[in-house]
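Here is how the chains run, residue by residue.
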Number of protein chains: 2
Amino acid sequence: MNFNTKIDKYRELVNIELNNIYKDGPNIIREPINHILRGGKRFRPILCMLTSSCFNGDKNSSIIIGTAIELLHNFSLIHDDIMDDDNVRHGYETIHSKWNKPIAILSGDAVLALALLKLNNLEKYKMEIIKEFNKTLIKICEGQALDIEFEKKRSISMKEYINMIDKKTGYMIGFCALSGSIISNLSVESQMLLKEYGKLLGRAFQIQDDLLEVISCEDKMGKSLESDFVLNKKTFLSVKGRIFDSRYIDKCIQKSKEDFKTGYSLYKEFLINHNIIDETKITIKKILLESNKLLDKLNMENNTLYKYTELILNRRY
Amino acid sequence: MNFNTKIDKYRELVNIELNNIYKDGPNIIREPINHILRGGKRFRPILCMLTSSCFNGDKNSSIIIGTAIELLHNFSLIHDDIMDDDNVRHGYETIHSKWNKPIAILSGDAVLALALLKLNNLEKYKMEIIKEFNKTLIKICEGQALDIEFEKKRSISMKEYINMIDKKTGYMIGFCALSGSIISNLSVESQMLLKEYGKLLGRAFQIQDDLLEVISCEDKMGKSLESDFVLNKKTFLSVKGRIFDSRYIDKCIQKSKEDFKTGYSLYKEFLINHNIIDETKITIKKILLESNKLLDKLNMENNTLYKYTELILNRRY
């Protein structure tokens, strides 16, 4: 099976699981949960399933874990979207916007509960998977906490930024590759390599998100960038920008509060003039190159995971 | 050791665990988490520890599970208080009130993560405990969902009310007794009896909460009853009241929106005139008697759990 057919099949398998994950339960949360689970690229479960398939892990376990990961991801999106007051996610209206905040809080909680219940179905390596899942969960919370904490700061260092996105995104994608390797019974050394591989992918993924937010049109990203910018949310590009001229970035944000388009255009112009867009692209490539170097250390029979790296590199939304 | 000394000791053990549960991590969630964990009677962990001690379960495991239960309980309180917009909990200002909603959502999430991480420390019966913990979590979410769903309904049946409080409170207290019995390696039959015992205690506990809200002064309950009443939150007493005269209850709620004291006084008067306060007291006693009958079926060497039932019966806040 070629790579694209394979990931389409994996996506389909996860979608089937998600379509059946919450058929009963109170209407008030069942409807929003099923609404929000329709969207998404399923990048995370696919990585878990690809890793498992690369090393002959149990396929059924990889579907279970993949589904739990996608639920974990959605739990964090539902709650983050309330906190950041984003109204669109994956092309669909967010829960707190379509319904209200209490329903969104509760739906997020229930989605996390569904993820945990899903892991109950594992037969082998259950303890290890649950342990790593829980460690990932607290990292996600802490990453989001830092993200909010940083809003209040005028500027942060690149090191602080990387630490924040690793927690917010890196560890979860690290867990995707790690869990795939655990159920394939790989050595601890190989597990750590794959975990780190995923973590770097996640880092590149998040920086790419920051980049795409600036260079794509809003519709394609499917989330509102306006609120993020006005709130002085830190991105790879804004952190780099502030190294050149922090006061100018302040001005752009200030301007955007009265007139978003003008303020944001000034900011974009600044990023182009200071070569920050191109530098960001180079950084993403460098990180993905680094992640592939970790794969080189593993004896793999095929190039599936390298193709996955490429998939991330080439994504346009 | 006499009963009171024992529960004081157990409470102290859980408090020590909770005091040390989250020393690092981002300020933005560390402070609110440590703020909210200071309050509470620790009824739930105490039941788990008492059950375990009754049947010679491993003490250390019971402390771990007890701590996780108290964290689970606090997770649900933090989020419920946002949804219901309650400003005081256990005599302390709630997180969303003292800080803000995003911080409260995130702190709740992190507290649940801490509960799950705590369970990772179990050595024996880990799988069973985690499985039951996760089942409890989804019930709590569904109970709260029903609670919100019922706000929109003018009236609900007593069966619907009991189903809602069982999910919101009963299953969690059922889990306290159940988990204590699992780590004591009791037979499945005894485990089920204890689970049911706890569930009934929880049911009585919740009805008692409804009752105390009406008969105590607000300070003692440490939570705001005003918002609950205005929102037409269903309670055992209001469900019973509506059997007599649903339109009158509507009128009291309507009145309370302009003038809370008057509207609520009319409601209280109505409950007294229709004997609903006394009937509620009788119901609580009946349920607790029923729960004790389940204990009778177990061969226990001491009367500790009966004393716990009594403790619940006699609580005044």
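The residue count restarts for each chain, going from 1 along the sequence in the order it is written. For naming, the first written chain is A and the first written ligand is 1, with later ones following in the order written. Thresholds applied to this predicted model are a pLDDT of at least 70 for local features of residues and 80 or more for the giving and counting of side-chain atom pairs; totals over whole chains, interfaces and linings are not thresholded and use all residues. As a rule here, side-chain values cover all heavy atoms of the structure and leave hydrogens and water aside.

Visitor: What is the right way to read the interface of chain A and chain B from this model?
Guide: Interfaces are often described in size by the accessible area the parts lose on coming together. The contact criterion used is simple: two residues touch if any of their non-hydrogen atoms lie within 4.5 Å. The interface is formed by 36 residues belonging to chain A together with 36 residues belonging to chain B. Values labelled buried area give the accessible surface lost by two parts on being combined, using a 1.4 Å probe and summing over both. Across the interface of chain A and chain B, roughly 3,200 Å² is buried in total on both sides, 79% from carbon and sulfur atoms. In terms of surface lost to chain B, no three residues of chain A exceed Ile105, Leu106 and Met127 of chain A, which account for 15% of the buried area on that side. We count a salt bridge whenever a side-chain nitrogen from Lys or Arg sits within 4 Å of a carboxyl oxygen from Asp or Glu. At the boundary of chain A and chain B, one finds zero salt bridges. N or O atoms within 3.5 Å of each other form a polar contact, as long as, within protein, one can give a hydrogen and the other can take it, and as long as residues adjacent in sequence are counted only when both atoms are side-chain atoms. Across the chain A-chain B interface, the total number found is 11 residue pairs in polar contact (both at pLDDT 80 or more). Residue assignment for the side of chain A that touches chain B shows that the elements contributing at least two residues are helix H2 (27-36), helix H4 (59-84), helix H6 (101-120) and helix H7 (126-151) of chain A. Helix and strand definitions here come from DSSP, where helices need a minimum of 4 consecutive H or I residues and strands a minimum of 2 consecutive E residues; each element is numbered from the N-terminal end. When residues in the side of chain A that touches chain B are grouped by element, the largest group, 15 residues, is from H7 of chain A. Classifying every residue of the side of chain A that touches chain B by side-chain character gives 24 nonpolar, six polar and six charged. Gly is placed with the polar residues, together with every amino acid not listed as nonpolar (Ala, Val, Leu, Ile, Met, Phe, Trp, Tyr, Cys and Pro) or charged (Asp, Glu, Lys and Arg).

Visitor: Teacher, can you tell me more about unusual backbone geometry here?
Guide: A negative phi angle characterises most non-glycine residues, just as the trans form characterises most peptide bonds. The residue His90 of chain A is not glycine, and still its phi comes out positive at about 50°. Here His90 of chain A shows up in the loop between strand S1 (88-89) and strand S2 (92-93). His90 of chain A gets classed as partly exposed once you look at its relative accessible area, which sits at 25%. A positive phi angle, close to 60°, is found at Asn232 of chain B, a residue other than glycine. Following the sequence through the fold, Asn232 of chain B ends up in the loop between helix H11 (225-230) and helix H12 (236-258). Note on exposure labels: buried denotes an accessible area under 20% of the residue type's maximum, exposed denotes more than 50%, and partly exposed covers the range between, all computed with a 1.4 Å probe on protein chains only.

Visitor: Looking at this structure, I do not really get the environment of Pro26 of chain B. What am I missing?
Guide: Structurally, Pro26 of chain B is set in the loop between helix H1 (3-19) and helix H2 (27-36). As a C-alpha pair, Pro26 of chain B and Leu237 of chain B span 211 residues in sequence and 43 Å in three-dimensional space.

Visitor: Just checking my understanding: could you explain the pattern of salt bridges for this structure?
Guide: Two side chains of opposite charge can pair, provided their charged atoms sit close to one another. All names here are of chain B. Under the definition given, this model contains 33 salt bridges over all chains. For Lys233, the salt bridge identified is with Asp84, shortest N-O distance 3.1 Å. With Lys233 in the loop between H11 and H12 and Asp84 in helix H4 (residues 59-84), this pair connects stretches of sequence that are 149 residues apart. With respect to class, Lys233 is no different from Asp84; both count as buried. Close ionic contact of Arg242 with Asp250 constitutes a salt bridge, the shortest N to O distance being 2.9 Å. We classify Arg242 as buried; its relative accessible area is 8%.

Visitor: Help me understand the relation of the copies chain A and chain B in this model?
Guide: The operation linking the two copies of the chain is a rotation about an axis combined with a translation along the axis. Of the transformation placing chain A onto chain B, the axial shift is 0.0 Å and the rotation is 180°, giving an RMSD of 0.0 Å. Seen this way, the second copy is the image of the first under a two-fold rotation axis. Both copies contact each other with a shared surface, as 100% of the interface residues of chain A are interface residues in chain B too. Superposing copies: least-squares fit, C-alpha atoms only, residues required to have pLDDT of at least 70 in both.

Visitor: Help me understand the packing of aromatic side chains, please; the structure alone is not making it clear to me.
Guide: Centre distance and the angle of the planes are the two values used to describe a pair of aromatic rings. Residues and elements named next belong to chain A. Stacked, tilted and edge-to-face are the three classes assigned to paired rings of Phe, Tyr and Trp, where Trp is represented by its six-membered ring and a pair needs centres within 6.5 Å; plane angles under 30 degrees give stacked, over 60 edge-to-face, the rest tilted. In this structure the tally under the stated criterion is 18 aromatic pairs over all chains. Judged by centre distance (6.2 Å) and plane angle (80°), the ring pair of Phe229 and Phe260 falls under edge-to-face. Of the two residues, Phe229 is situated in helix H11 (residues 225-230) and Phe260 in helix H13 (residues 260-273); the sequence distance between them amounts to 31 residues. Per residue, the accessibility class of Phe229 equals that of Phe260, and both read buried. An angle of 45° between the planes, with centres 5.7 Å apart, marks the rings of Tyr264 and Tyr267 as tilted. Here the residue Tyr264 and the residue Tyr267 both occupy positions in helix H13, the gap between them amounting to three residues, near one helical turn. The residues Tyr264 and Tyr267 share a single accessibility class, namely buried.

Visitor: Please explain the packing of H2 of chain B against helix H6 (residues 101-119) of chain B as it appears in this structure.
Guide: All names here are of chain B. The angle between two axes is taken between their N-to-C directions and runs from 0 to 180 degrees, where each axis is a line fitted to C-alpha atoms and a helix contributes only its stretch in contact. In the contact formed by H2 and H6, the axes pass within 9 Å of each other and the chain directions differ by 75°. Judged on the interaxial angle alone, H6 and H2 are roughly perpendicular. Packed against H2, whose contacting residues are Ile28, Ile29, Pro32 and Ile33, the element H6 presents Ile103, Leu106, Ser107, Ala110, Val111 and Leu114 at the interface. Among the residues making up the contact of H2 with H6, the classes are represented as nine nonpolar, one polar and no charged. Angles below 35 degrees are treated as roughly parallel, those above 145 as roughly antiparallel, those between 65 and 115 as roughly perpendicular, and all remaining angles as oblique.

Visitor: Looking at this structure, I do not really get the environment of Leu305 of chain B. What am I missing?
Guide: Residue and element names in this part refer to chain B. With respect to the helices, strands and loops of the structure, Leu305 is situated in helix H15 (residues 304-314). Sequence separation between Leu305 and Tyr197 is 108 residues, and the spatial gap between their C-alpha atoms is 9.8 Å. Setting aside residues no more than four positions away along its own chain, Leu305 makes contact with Leu47, Leu50, Thr51, Cys54, Phe55, Leu194, Tyr197, Leu295 and Met300.

Visitor: What am I meant to see in the confidence of the model for chain A here?
Guide: Should the pLDDT be low somewhere, the predicted coordinates at that spot are not to be read in detail. With 97% of its residues at a pLDDT of at least 70, chain A reaches an overall mean of 94. Across the assembled chains, the prediction reports ipTM 0.95 with pTM 0.95. Every residue gets a pLDDT, meaning the predictor's confidence in that residue, from 0 to 100.

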